[in-house]
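Survey of secondary and tertiary structure
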Amino acid sequence: MPVFNLFFKTIRKMLPALLIYLIAYFVIAFLMSSTAEKTSLSTFVASSLDLCIIDEDHSRASKALTDYLDSSHNLVKLRSTDAQSLQDNLFYGRIDYVLTIPEGFEENLAAGKYENLVTSSKQNNSTNGYFADQQVDQYLNSLSLYLTSGYHLEEAIEKTNSAISHTEEVTIRHFQTKQTAQSDTTMFYFFQYMPYIMLLLIIMGITPVLVTFNQTDLSNRMNCSALSLGARNVQISLGCVAYTVTIWLLFMIAAGLIYGPAQLFSNSGLSCVLNSFVFSLIAAAVSLLISAFSPSLNALNMICNVVALGMSFLCGVFVPLSYLSDHVVMVSRFLPGYWYIRINNMLGGFSKEPVSMDTYWMCIGIQLIFFAAIFVLYLVVSDQRRKSRAM
């Protein structure tokens, strides 16, 4: 099989550059997984905030609200409470939240005027600020509910304090052992970033070889040999398949060594394995399509980075889909990377979508449709270019 051997001899020249990408990915994936394992159980932990309360009413109701916030947060007294000082303290992180209780707060409560009772200030996009807003709203809603029910203000404050202070203990239960649950979660980070490196390695490995074979002089010389065109194409196809499977197997072996065979061959692990294999086929089809245009090496590097980085950013590989706008997500649905990431997010619990095998097989099927469409497009383009060269 001379063409098959020549295929891998050509790839061997690019092996140092490919190994750099591969080793860098394994190191980054290991570090990301280790970091995720340390922080995986830190979800749903409430923390105390630094609050500044400006009480202009000095009433029983305002004191009750202040005491409630003081029970779970740190009240900070500032030397100056003018608008500029408050903004500066918020900007530099000295305080997280400012609550202003205006004069007439208690009178408005007694009169049944429950809208715009207080004002607040916080940093833009501050999750801490929105958390404090929710606590204030919860207290005022409870207080107004008791007042509407006919209770006097003192009774309403007493019952509100009693109701708010009673919190249920929340226990998070895993349907796996603690160790298994953590390992499963960290394993999904390994598969999360695989589309980028898979596209990079397969495109940079297969495309230069096929471009070399498509050169006019070399192609004419091979046509003059005793090897038939069909046999040559079969050997080139076997080379592409062997290289793609080898790259994919390297990732699976690395995943088995890092996370253990028990995790890799679990139900969720095997689902990720199949998902990654289907995407590796798509990466191979993309490399074939690019090779049909016979780009130069410099152009190939640019195309490879545009395809790999573009799909990774648009489809949620580097940036979670929940952070992307609806328009970007809509565009990403027309790319195979979106359906790969949707499976990984669903299995890893990174999205609100429940685990469903119907959804899993739908996403796998859509990826296979992308593979078939890209491969057919490659056949059409390569046939047209071959005819144009013959003319």
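You'll find the structure just up there.
Now for a quick tour of the structure.

Procedures and definitions
- Residues numbered from 1 in each chain as written.
- Predicted model: local features only at pLDDT ≥ 70, side-chain atom pairs only at ≥ 80, totals over all residues.
- Heavy atoms only, no water.
- Salt bridge = Lys/Arg side-chain N within 4 Å of Asp/Glu carboxyl O.
- Helix = DSSP H or I, 4+ residues; strand = E, 2+ residues; numbered from the N terminus.
- Buried < 20%, exposed > 50% of the residue type's maximum accessible area, 1.4 Å probe, protein only.
- Pairing = 2+ DSSP bridges.
- Contact = heavy atoms within 4.5 Å.
- Axes fitted to C-alpha atoms, helices over the stretch in contact; angles between N-to-C directions.
- Right-handed = clockwise from strand over helix to strand, strands pointing away.
- Patch = residues over 30% accessible without salt bridge, like charges linked within 9 Å, V, L, I, M, F, W, Y side chains within 5 Å.
- Areas by Shrake-Rupley, 256 points an atom, 1.4 Å probe, with all protein chains shown as cover.
- Polar contact = N/O pair within 3.5 Å; in protein donor to acceptor, adjacent residues only side chain to side chain.

**Structural notes on the pattern of salt bridges**
A full pass over the atoms with the stated rule returns five salt bridges. Put simply, E106 and R60 hold a salt bridge, and the shortest N to O gap is 3.3 Å. With E106 in helix 5 (residues 105-110) and R60 in helix 3 (residues 60-70), the pair connects residues that are 46 residues apart, well separated along the chain. Residue R60 is classed as partly exposed on the basis of its relative accessible area, which comes to 45%. In this structure, E353 engages R342 in a salt bridge whose closest nitrogen and oxygen atoms are separated by 2.9 Å.

**Notes on the sheet that holds strand 1 (residues 50-55)**
The strand order across the open sheet formed by four strands is 2-1-3-4, and the pairing between neighbours is mixed. Sheet topology places strand 2 (74-75) and strand 4 (119-121) at the edges, where each strand pairs with a single neighbour. As judged from the two bridges shared by strand 1 and strand 2, these two strands associate in the parallel manner. Along strand 2, the bridge assignment pairs L51 with L75. Contacts from helix 4 (residues 83-91) reach strand 1, strand 3 (97-101) and strand 4, with the element oriented near 150° to strand 3.

**A closer look at unusual backbone geometry**
In the Ramachandran plot, H58 falls in the positive-phi region, its phi being about 50° despite a non-glycine side chain. Mapped onto the secondary structure, H58 falls in the loop between strand 1 and helix 3. Relative accessible area serves as the criterion here: at 66%, H58 is assigned to the exposed category. Positive phi, close to 50°, is recorded for S294, a residue that is not glycine. By secondary structure assignment, the location of S294 is in the loop between helix 13 (267-291) and helix 14 (297-314). Given the relative accessible area of 28%, S294 is considered partly exposed.

**Observations regarding the pairing of strand 1**
As a crossover connection, the stretch from strand 1 through helix 3 into strand 2 is right-handed. Two strands pair when backbone bridges link them, and strand 1 and strand 3 are joined in this way by five bridges, in the parallel orientation. Among the inter-strand pairings, L51 is bridged to a residue of strand 3, identified as Y97.

**Some details on a nonpolar patch on the surface**
Together, L15, L19, I23, V27 and L31 line one region of the surface with nonpolar side chains, adding up to about 430 Å² of accessible area. Tracing the chain through its elements places V27 in helix 2 (residues 15-39).

**A short note on the side chain of S62**
For S62, the position within the fold is in helix 3. Exposure remark for S62: the relative accessible area of 0% places this residue in the buried category. A polar side-chain atom of S62 sits 3.0 Å from a polar atom in the side chain of D55.

**Some thoughts on the environment of D133**
As for its position among the elements, D133 is in helix 6 (residues 127-148). The exposure class of D133 is buried, given its relative accessible area of 15%. Excluding its chain neighbours within four sequence positions, the residues that come into contact with D133 are Y97, S120 and K122. Among the polar contacts made by the side chain of D133, one reaches the side chain of S120 at a distance of 3.1 Å.

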